[in-house]
Amino acid sequence: MYNLKGRVAIITGAGRHNGLGEAMAKRLAADGAKVVLHDIGTLKGDIAPAHGVGQKAELEQIVDEIRKTGGEATGFTGDMLNEVDVADLIDFAVQKFGRLDILVNNAGIGYLFGPLVDMAQEHWDAVLGVNLRGCFFGIKHAAKQMIKQKSGGRIINIASQAAKSGFAQAAAYSASKHGLVGLTRAAALELAVHKITVNAICPNHVTTGLGSWQNDFMSRAQNKSVDQYLADMRARIPIGRPGLTEDIAKACAFLCSDQADYITAEAMNVSGGEEYH
Ligand SMILES: NC(=O)c1ccc[n+]([C@@H]2O[C@H](COP(=O)([O-])OP(=O)(O)OC[C@H]3O[C@@H](n4cnc5c(N)ncnc54)[C@H](O)[C@@H]3O)[C@@H](O)[C@H]2O)c1
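The rules behind these values
For every chain, the first residue of the written sequence is number 1, and numbering continues from 1 along that sequence. In keeping with the predicted nature of the model, local features appear solely for residues at pLDDT of at least 70, side-chain atom pairs appear and are counted solely at 80 or more, and the whole-chain, interface and lining totals rest on all residues. Excluding hydrogens and water, the side-chain values take into account all heavy atoms of the structure. Put simply, two rings from Phe, Tyr or Trp (the six-membered ring, in Trp's case) pair if the centres are within 6.5 Å, and we call them stacked under 30 degrees between planes, edge-to-face over 60, tilted for the rest. Helix and strand assignments come from DSSP, with helices taken as H or I runs of at least 4 residues and strands as E runs of at least 2, each series counted from the N terminus. Summary of the burial criterion: residues with accessible area below 20% of their type's maximum are buried, those above 50% are exposed, and those between are partly exposed, where the area comes from a 1.4 Å probe applied to protein chains only. What counts as an axis is a line fitted to C-alpha atoms, over the stretch in contact for a helix, and the angles between N-to-C directions run from 0 to 180 degrees. For any helix crossing, the convention is left-handed if the near helix is rotated counterclockwise from the far helix by under a right angle, and right-handed if that rotation is clockwise. In this description, contact between two residues means that some pair of their heavy atoms is separated by no more than 4.5 Å. All residues other than Ala, Val, Leu, Ile, Met, Phe, Trp, Tyr, Cys, Pro, Asp, Glu, Lys and Arg, Gly among them, are scored as polar; the first ten of these are nonpolar and the last four charged.

Tell me about the packing of aromatic side chains, residues and numbers included.
Enumeration according to the criterion identifies eight aromatic pairs in this entry. Ring geometry for Tyr111 versus Trp213: centroids 6.2 Å apart, planes at 65°, classification edge-to-face. One end of the pair, Tyr111, is in the loop between β4 (102-105) and α4 (121-149); the other, Trp213, is in helix α6 (residues 209-221), with 102 residues separating them in the sequence. Trp213 gets classed as partly exposed once you look at its relative accessible area, which sits at 24%. Seen from their ring centres, Trp213 and Phe217 are 5.4 Å apart, and the 15° between their planes marks the pair as stacked. Residue Trp213 and its partner Phe217 are both found in helix α6; the two are separated by four residues, about one turn of the helix.

Here is the structure:
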């Protein structure tokens with residue numbers, strides 16, 4: 001465990017059970033941080049509704065679960081595609097808890113997969129919009145607040161193994177996550193003078209709500225059963241299993257801690273050895 005007492009953290013996209021956001025929020029709260037859990041709250045538009053989003057009631061449930069274990073937590077709903085919503089999220093955290101020390105840019109779209117030659121512009125825009133532009137909005141408004149406070153800060157962007165390797169049928173997703181690593185590096189160089197570190201975490205597969213949609217899609221695309229697809233995945237991962245939400249939460253807590261104060265502009269693989277570039 002790390003000591004994050006007195007730190008205030010925002011975790012975006014943290015409104016779904018079994019998601020990476022939920023696990024990171026619970027871990028940071030257990031380490032003593034006051035946490036603001038964010039999610040979209042309701043489905044906007046009709047892009048891939050079957051995949052599901054973090055609904056307001058589920059977000060509130062997760063906030064409650066943290067409070068019941070003695071953590072300090074609150075919830076906020078807003079759309080990462082909308083800069084005003086993102087600026088409001090930062091303001092909300094500061095009004096509620098007095099400051100902002102940590103932003104975890106986790107909200108993302110990991111679906112809308114399919115052949116590149118058939119991809120509609122609206123799907124490309126949706127994926128790049130949430131995964132890349134939304135993180136830019138988050139970094140911009142969080143960094144403004146952290147610079148004002150003059151006590152440094154931590155920004156963690158949840159990228160992906162698809163930030164290091166390309167994936168067939170996932171062109172927009174791979175492009176958005178590669179772009180997020182570039183954004184991470186540029187922001188890290190610019191914000192280092194303010195003692196704000198900016199790092200990315202690159203998980204391989206984790207069976208979250210989003211992850212199980214990907215298992216269904218990819219196993220169909222490869223003409224395999226889901227069981228066979230998962231067995232093949234385990235066989236190629238040196239540690240012999242896919243990631244767990246806790247694996248990502250541990251890496252996030254480390255990067256937020258004082259132990260990581262000399263680490264910035266990094267894109268850390270958390271992949272059991274599957275990805276090592
Ligand atoms: N699960 C995996 O295998 C895996 C692997 C690598 C990276 N990731 C990344 O981890 C992050 C979390 O994914 P997860 O697997 O926990 O899935 P998840 O679906 O549980 O979490 C994603 C969250 O983002 C939210 N979101 C989507 N669009 C939004 C918007 N416009 N505004 C606000 N919130 C929005 C969703 O409501 C959802 O709660 C994503 O960025 C994903 O790309 C996941």
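Summarise the packing of helix α3 (residues 83-97) against α4; cite the residues concerned and give the values.
Where α3 meets α4, the closest approach of the two axes is 9 Å, and the angle between their N-to-C directions is 35°. Along this stretch, α3 crosses α4, giving a crossing that reads as right-handed. Where α3 abuts α4, its residues Glu83, Val86, Ala87, Ile90 and Val94 lie against Phe137, Gly138, Lys140, His141, Ala142 and Gln145. Of the residues that constitute the contact of α3 with α4, the class distribution is six nonpolar, three polar and two charged.

All we've got here are geometric facts, nothing functional implied.
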